[in-house]
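Next come the chains, spelled out residue by residue.
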Amino acid sequence: MVLKLSDSITSNLPHDEVFPVAETPGRDAEFYLDSGVIEYMRREIAAAAGNEVFFRGVLASGRVVEVEVLARGNQMMTPALSRQVKPGEVVIHNHPSGNLMPSDADLGVASVFGAGDIAFFIVNNAVTLVYAVIEPVVLEEVQPLSLDLVEKFFAADGDLSRAMPSFEYRAEQAELARSIVKTFNQSNFLLAEAGTGVGKSLAYLIPAALWALRHNQRVVISTNTINLQEQLLNKDLPLLTEHLGLPITARLIKGRGNYVCRRRVKELSAELEAGVEDYDAELKALLGWAANTVDGSRADFPSLPSAAVWEMIASDGDACQFSRCPEFGDCFFYRARREAANAQLLVVNHHLLMADLQFPPDAGVLPRYEALVMDEAHHLEEAATGYLGEGVSQVGILMLLNRLSHRKRRELGLLRRLRRRLAHDSKLSGRKNNGRQIDFFAALAAQIEGDTEPAVLMLAHDLEDHFTSWRDILVADFVPGSDVIEGSFKLRITEQERSAKSWKFSLTEKVEAFVEEAQSVVRALFDLIKQLETGLREKLLPDDFFYSWLTEFRAAAVRLQNQIDFVARFFLKMGAQSEQIAWIEAAGGRRRNLRIVLAPLDVGPLLEEMLYGRVKSLIMVSATIAVDNSFDFYINRVGLLDRSRSNLLSTLILASPFDYRKNVLVMVPRDLPLPNEASFNSSLAFFLDTLISRIGGRALILFTSYRTMKSVALSCRDSLRRRGVRLLLQGEGQRQWLLAELKNNPDTALFATDSFWEGVDVKGRALECLVIVKLPFKVPSDPVLMARLEYIAACGGNPFYDYSLPQTALKLKQGIGRLVRSRDDRGIIVVCDRRLVEKSYGARLRSVLPDSDLYVISSGEVIKRAAEFLL
């Protein structure tokens, strides 16, 4: 996202936040700038032919002692610059005209810098005068937290022991808390692995709360899963406020689309009351709820609304009228932002954190922050890959078209609603004998009915044909038949695919047909927008209501144009992209879809620019982040190598305090076929049937393939039922329901795939058997994996040992961590993949197993020992 220094962009920025400006038009440059700095700036401005140059300056005792060029030209990229400049530094730029008085645009940008404690100077081309729009800021000296606070809370007789009857002193927890306090004090980065049972959430929450309270600063807590967010908000944070005497204010931060837009609700309700439109029961129920909801959050609605209906009332940044909106003061989203600005701890998920990074500080969902705690940090690369790229999908385009004119639920379409409103207002105008207005209403309605709406409906109708034709060409000419599973596939797009004859001719022709038709819809929308603008300008349309329509159609038109541009760029204009991964993925069955994606090949440079440079302190914790007692793999993947070499990153590994040697039995059946052998599924089914029925359920079986899971379940489900064991499969119910059934019914076994390899927390006897069906190597045809393996090879590395193997080790560690969740838990781990003990690389994978004896024995002996250990 790039903001230009123009009135149209900066007019919405809060000018009242700008620091007091100097009283004179300019002071002698030597008052602010060292002589060497002045000479350097003169040379750079001259080299730019007297045009604008933007500098970053380092201050000492209020004077600039060092500068570097940030940007040249008449466009200022505020977000990029604010990430490169630290609090206490200065941004300087020249006015070629010699007039140093700041423009409105200068003041708007200055407010962004001022909020970040960054000074802002304007100079003339000769660098003889300086106008200090924002004077240099003397940063407050950091008051460090005492390490004695760790003892106060985490000692055996500390505050936690008095607040929690079940508290057990854990040296590992105290060590983690101590390291986090040091990280805050030193404005440093910390990377820590804390094994299951360390108690990492309290180990970072208490120091974060103490730091926020002492320095009146916000600390963001980012997690990957809703389960952890709920634990923090419903269990851990209330402990801090209610039992530990920490008056901390915490807020859960949600994305904008989770909130109701009051303006949209009032407009829809007004249409309903006036008889302009009649809505279905679902929308009426939502409108009734929205009129009485306290915080406007979708999570408070009793059931999950359909996407099409929720979109009608959801807050949308593209359609927001900001301060012009009559509901701005009571807006649910902006009220949540104000509450977040007044909170000390902000709880978010990784996806929202990544999305927010694409905006400058204070311009996204999150207010400015300088300290970040990232739990479940092993997901950082994945989250950055997903959110720092681009993508367009068939379903996404269809949803946008349906918002304009819904094919099945016609009353939900904006165009129909506008037509009905025009008819309604035309009757009112007739009563007032306003012939000119009646004629305008009729012409506008005719334009919608005869041009705009048919174009939208035709594209929505043709969309399936367009995308199916692309899919057919891809399957016929590019995707190996074995890679198409029930209509689904992923295809990486490289220069080889783009240079193929069928891509250059057949596929290009089909894509061009879609672009041409979609572009005609955009033209029709902009023609309608032009008419709405005319009606508003000439007072033929009521300003308050029809301005909202104008905003809605502008947002839809721009969004559709952006999607068309991406499709055209992806298929028709894009050459080799060395820094990006391009792929197409298709979903079959009822959720038929085609998605076109670009993602960064290496997220490290982006994270350095967008995240690491934004914060002073970053604490990254996870139970599964080190391989072979080393963070090298993770550090390289997320761009922390330079900080590690510069001693700006500390690391810490803390083992689990649980006694695995006493409570866990790890076994590998030596007589099962290898996973790639034809007899593996049938042999596995027989083994699992016998094992699970012998121990009576209480088992979680983790697969790497949905197809294998279904095949094995089909073979043993009836047999297990006859022996009194109930078998559940992922996909047969919501995740929380499946886990609740496993927890509450001891005669239950659960077969699951990827998403259940982490985030499962079943304590006690409900889960005593964990089976890893296959070592969790990623599918070799995965586009992201393929591209990154090729990149590593091109750089002289070993793709398997440098990427695939450590990635698999971390995934295996996550899966194994599902078994023992408390000090009293016990159970067995069975790995049904002999490669763990037979392959040379197995040693690296075995390093992530619990500290327990490993038995490589026959499948019959596995079942016998399991029964002896558990029963």
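As a starting point, this report considers the structure included with it.

Procedures and definitions
For every chain, the first residue of the written sequence is number 1, and numbering continues from 1 onward in sequence order. Local features in this predicted model are restricted to residues of pLDDT 70 or higher, and side-chain atom pairs are both shown and tallied only at a pLDDT of 80 or more, whereas totals for entire chains, interfaces and linings draw on every residue. For side-chain calculations, the full set of non-hydrogen atoms in the structure is used, while hydrogens and water are omitted. A strand pair is defined by DSSP finding two or more bridges across the two strands. In this text, helices come from DSSP runs of H or I with a minimum length of four residues, and strands from runs of E with a minimum of two, each type numbered from the N-terminal end. Interaxial angles span 0 to 180 degrees and are taken between N-to-C directions of axes, which are lines fitted to C-alpha atoms, for helices over the stretch in contact. The criterion used for residue contact is that any of the two residues' heavy atoms lie within 4.5 Å. Throughout, exposure labels follow a simple rule: accessible area from a 1.4 Å probe, protein chains only, divided by the maximum for the residue type, with under 20% read as buried, over 50% as exposed, and the rest as partly exposed. Note on aromatic contacts: the rings of Phe and Tyr and the six-membered ring of Trp form a pair at centre separations within 6.5 Å, being stacked when their planes are under 30 degrees apart, edge-to-face when over 60 apart, and tilted otherwise. Only when the NZ atom of a Lys or the CZ atom of an Arg is both within 6 Å of the ring centre and within 35 degrees of the ring normal do we say a charge sits over the ring.

The strand order across the open sheet formed by 7 strands is β20-β21-β19-β22-β23-β18-β24, and the pairing between neighbours is parallel. Both outer strands of the open sheet, β20 (726-729) and β24 (854-857), are each paired with one neighbouring strand and no more. On average, adjacent strands in this sheet sit at an angle of 20° to one another, irrespective of strand direction. Pairing geometry for strand β18 (residues 664-669) and strand β23 (residues 827-831), over 4 bridges, is parallel. Across the sheet, residue Val 664 finds its bridge partner in β23, namely Gly 827. Contacting β19 (699-702), β22 (769-772) and β23, helix α30 (residues 799-816) crosses the sheet at an angle of about 160° to β22.

This brings us to the environment of Gln 143. Looking at the element boundaries, Gln 143 is found in the loop between β6 (129-134) and α5 (148-154). Under the relative-accessibility criterion, Gln 143 is labelled partly exposed at 42%. Excluding residues that lie within four positions of it along the chain, Gln 143 makes contacts with Trp 211, Arg 214 and His 215.

A few words now on the pairing of strand β16 (residues 617-622). With 6 of 6 residues buried, β16 lies mostly within the body of the structure. Taking every second residue as pointing to the same face, both faces of β16 are buried, with Ser 617, Ile 619 and Val 621 on one and Leu 618, Met 620 and Ser 622 on the other. Here 5 bridges tie strand β7 (residues 189-194) to β16, and the two strands are oriented parallel to one another. From the neighbouring strand, Leu 190 faces β16, where its bridge partner is Ile 619. Here strand β11 (residues 371-374) pairs with β16 via 4 bridges, running parallel. Counted as the bridge partner of Leu 372 is Leu 618 from β16.

Further remarks concern the packing of aromatic side chains. Under the counting rule described, the total for this entry stands at 26 aromatic pairs. Aromatic pair Phe 566 and Phe 570: ring centres 6.1 Å apart, planes at 40°, arrangement tilted. Taken together, the residues Phe 566 and Phe 570, both in helix α21 (residues 543-573) and 4 residues apart, mark about one turn of the helix. Clustering of aromatic rings is evident, with ring pairs tying together Phe 467, Trp 470, Phe 478, Trp 503, Phe 514, Phe 566, Phe 570 and Phe 571. Against the face of Phe 570 rests Arg 498, its NZ or CZ located 5.1 Å from the ring centre. The ring of Phe 869 has Arg 826 lying over it, and the distance from NZ or CZ to the ring centre is 4.2 Å.

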